[in-house]
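Residues per chain are reported as follows:
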Amino acid sequence: MHPKGKGPDRRGRKARRTRDTLAQHAFDLVLDRGLKSVTVEEIAQAADVDRRTFSRYFPSKEAAVLDAVRGDGDRINRALRERPVAEPPLTAYRRAVLDWLGDPEAEPWHLRPRIFDLLVMAEEEPTLYAAYHHIRVDAQEESVRIVAERLGVDPEQDLRPAVTVAAGAGALLAAQAAWVRGGRPAALPEFVVHAFDALSAHLLESPQAGPAPHSTTQGSTA
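Now for a description of the structure that goes with this document.

What counts, and where the lines are drawn
- Residues numbered from 1 in each chain as written.
- Predicted model: local features only at pLDDT ≥ 70, side-chain atom pairs only at ≥ 80, totals over all residues.
- Heavy atoms only, no water.
- Helix = DSSP H or I, 4+ residues; strand = E, 2+ residues; numbered from the N terminus.
- Buried < 20%, exposed > 50% of the residue type's maximum accessible area, 1.4 Å probe, protein only.
- Contact = heavy atoms within 4.5 Å.
- Axes fitted to C-alpha atoms, helices over the stretch in contact; angles between N-to-C directions.
- Parallel < 35°, antiparallel > 145°, perpendicular 65-115°, else oblique.
- Left-handed = near helix turned anticlockwise from the far one by under 90°.
- Nonpolar A, V, L, I, M, F, W, Y, C, P; charged D, E, K, R; others polar.
- Salt bridge = Lys/Arg side-chain N within 4 Å of Asp/Glu carboxyl O.
- Expected span 1.5 Å × (residues − 1).
- Arc of directions from axis to C-beta.
- Phe/Tyr/Trp six-rings, centres within 6.5 Å; stacked < 30°, edge-to-face > 60°.
- Lys NZ or Arg CZ within 6 Å of the ring centre and 35° of its normal.

## What about the overall build of the protein chain?
Okay, so step 1: When helices and strands are counted, the protein chain shows ten helices and zero strands.
Okay, so step 2: Each helix and strand of the protein chain, ordered N terminal to C terminal, gives the series α-α-α-α-α-α-α-α-α-α.
Okay, so step 3: Expressed as a percentage of its 222 residues, the buried residues of the protein chain come to 37%.
Okay, so step 4: Considering only intrachain contacts with a sequence separation of at least 6, the fraction spanning at least 24 residues in the protein chain is 63%.

## Observations concerning the packing of helix α7 (residues 115-124) against helix α8 (residues 126-151)
Okay, so step 1: Direction vectors running N to C along α7 and α8 enclose 110°, while the axes themselves pass 6 Å from each other. Here α8 runs roughly perpendicular to α7, going by the angle between their axes. Considering the relative orientation of α7 and α8, their crossing is left-handed. Two secondary-structure elements touch here, α7 through Leu-118, Leu-119, Met-121, Ala-122, Glu-123 and Glu-124 and α8 through Pro-126, Leu-128, Tyr-129 and Tyr-132.
Okay, so step 2: Its residues placed into classes, the contact of α7 with α8 shows eight nonpolar, no polar and two charged.

## Overview of the pattern of salt bridges
Okay, so step 1: Counted by the stated rule, this structure contains 18 salt bridges.
Okay, so step 2: In this structure, the salt-bridge partner of Arg-19 is Asp-67, at a minimum N-O distance of 2.9 Å. Taken together, the residues Arg-19 in helix α1 (residues 8-33) and Asp-67 in helix α5 (residues 67-82) connect sequence positions 48 residues apart. The pair formed by Arg-19 and Asp-67 is uniform in burial state, with each residue classed as buried.
Okay, so step 3: Across the pair Arg-81 and Glu-142 runs a salt bridge whose closest N-O atoms are separated by 2.4 Å. With Arg-81 in helix α5 and Glu-142 in helix α8, this residue pair connects regions lying 61 residues apart in the sequence.
Okay, so step 4: Accessibility expressed as a relative area gives 47% for Arg-81, which makes it partly exposed.
Okay, so step 5: Residue Glu-142 is classed as partly exposed on the basis of its relative accessible area of 23%.
Okay, so step 6: Within this structure, Arg-16, Arg-19, Asp-20 and Asp-67 form a network of salt bridges that share partners.

## Thoughts on α8
Okay, so step 1: Here α8 contains 26 residues, and its C-alpha end-to-end distance of 37 Å stays within 8% of the 38 Å for a straight helix at 1.5 Å per residue.
Okay, so step 2: Count one or two residues on from α8 and you reach Gly-152, which has phi positive near 70°.

## Observations regarding helix α10 (residues 188-197)
Okay, so step 1: Listing the buried residues of α10 in full gives Leu-188, Phe-191, Val-192, Ala-195 and Phe-196. Down the axis of α10, the buried set is contained in an arc of 130°. They therefore lie on one face.
Okay, so step 2: Packed against the buried residues of α10 are α6 (89-101) and α9 (160-182).

## Some remarks on the packing of aromatic side chains
Okay, so step 1: Going through the model one piece at a time under the given rule, you end up with three aromatic pairs.
Okay, so step 2: The interplanar angle of 40° and the centroid separation of 6.5 Å between the aromatic rings of Tyr-93 and Phe-196 together place this pair among those described as tilted. Note that Tyr-93 is positioned in helix α6 and Phe-196 in helix α10, a separation of 103 residues in sequence. Considered together, Tyr-93 and Phe-196 belong to a single accessibility category, that of buried residues.
Okay, so step 3: Relative to Trp-179, the ring of Phe-116 lies with its centre 5.0 Å away and its plane at 80°, an arrangement referred to as edge-to-face. In this pair, Phe-116 is assigned in helix α7 and Trp-179 in helix α9, connecting sequence segments 63 residues apart.
Okay, so step 4: Of the residues examined, Trp-179 reaches a relative accessible area of 0% and is grouped as buried.
Okay, so step 5: Directly above the ring of Tyr-129 sits Arg-136, whose terminal nitrogen or CZ lies 5.5 Å from the centroid.
Okay, so step 6: Here the basic side chain of Arg-136 rests over the ring of Tyr-132, its NZ or CZ set 4.8 Å away from the ring centre.

Spelled out as C-alpha cells, the structure:
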C-alpha cells in the first residue's frame, strides 16, 4: 500500500496542477503579448518549471494556450451521449451543442474571460488555428463513434455517422466564425441556432425560378 497521501492520486493531482499552471500562464502570456512574442521557455519559467517539464505536458505553446478549450469537445460528446435515443442524430448533435453552451454547472464557454479573444487570435494565427483544428478533429472522431452507437451501425461501413457529425460540426464552426467576426461575445448561442437552422431541407431543393437577370416584363396586364 502507498503511504497515506503519497499514492497515485496525489501524484495525479500534482500533475494536473502543473499542467493547469502551464496552460494558464501560456494563455495569459500569449493573449497579453501575442503568439510570436512568447517562447516556451518563458511559459515554463513563469510556471516555475523547466523546458523538459513543459514538453512532458504539451507538444507546443499553441497546445498549451488552447488547453482551456480542449475539454469542451468532451463536454459536447457527454451531452450527445445523454440525448434521448429517439432523437434524429443531427437533432441530437444540435441539442448537445446548445446543452454545452447552457450547462448550468459550468460557466458558459463563450462568456469565459478572454475566450472570445483567444478565438479571434486563432483566426489570425495559422499555427494556433491548426492546433485548434486538431482539437476539433479529435472531438469529432469521438462524436462519430457516439452517433454510430445510437444508430447501431459500423462507422467504417456506414457513412451516416460521419456525415451527421461533419454537418453539425460545420454548422458550429460557421457559427463560431460569425461570432468572432460579429464582435458580440454573448451572441454565440444565437449564431449556433441560426447555423443549424440553415441545415434544412431547403438546401437540398432546387432554387425557385426567378426572373432572369436584367429582364423586363412587357405587355403586362392589370
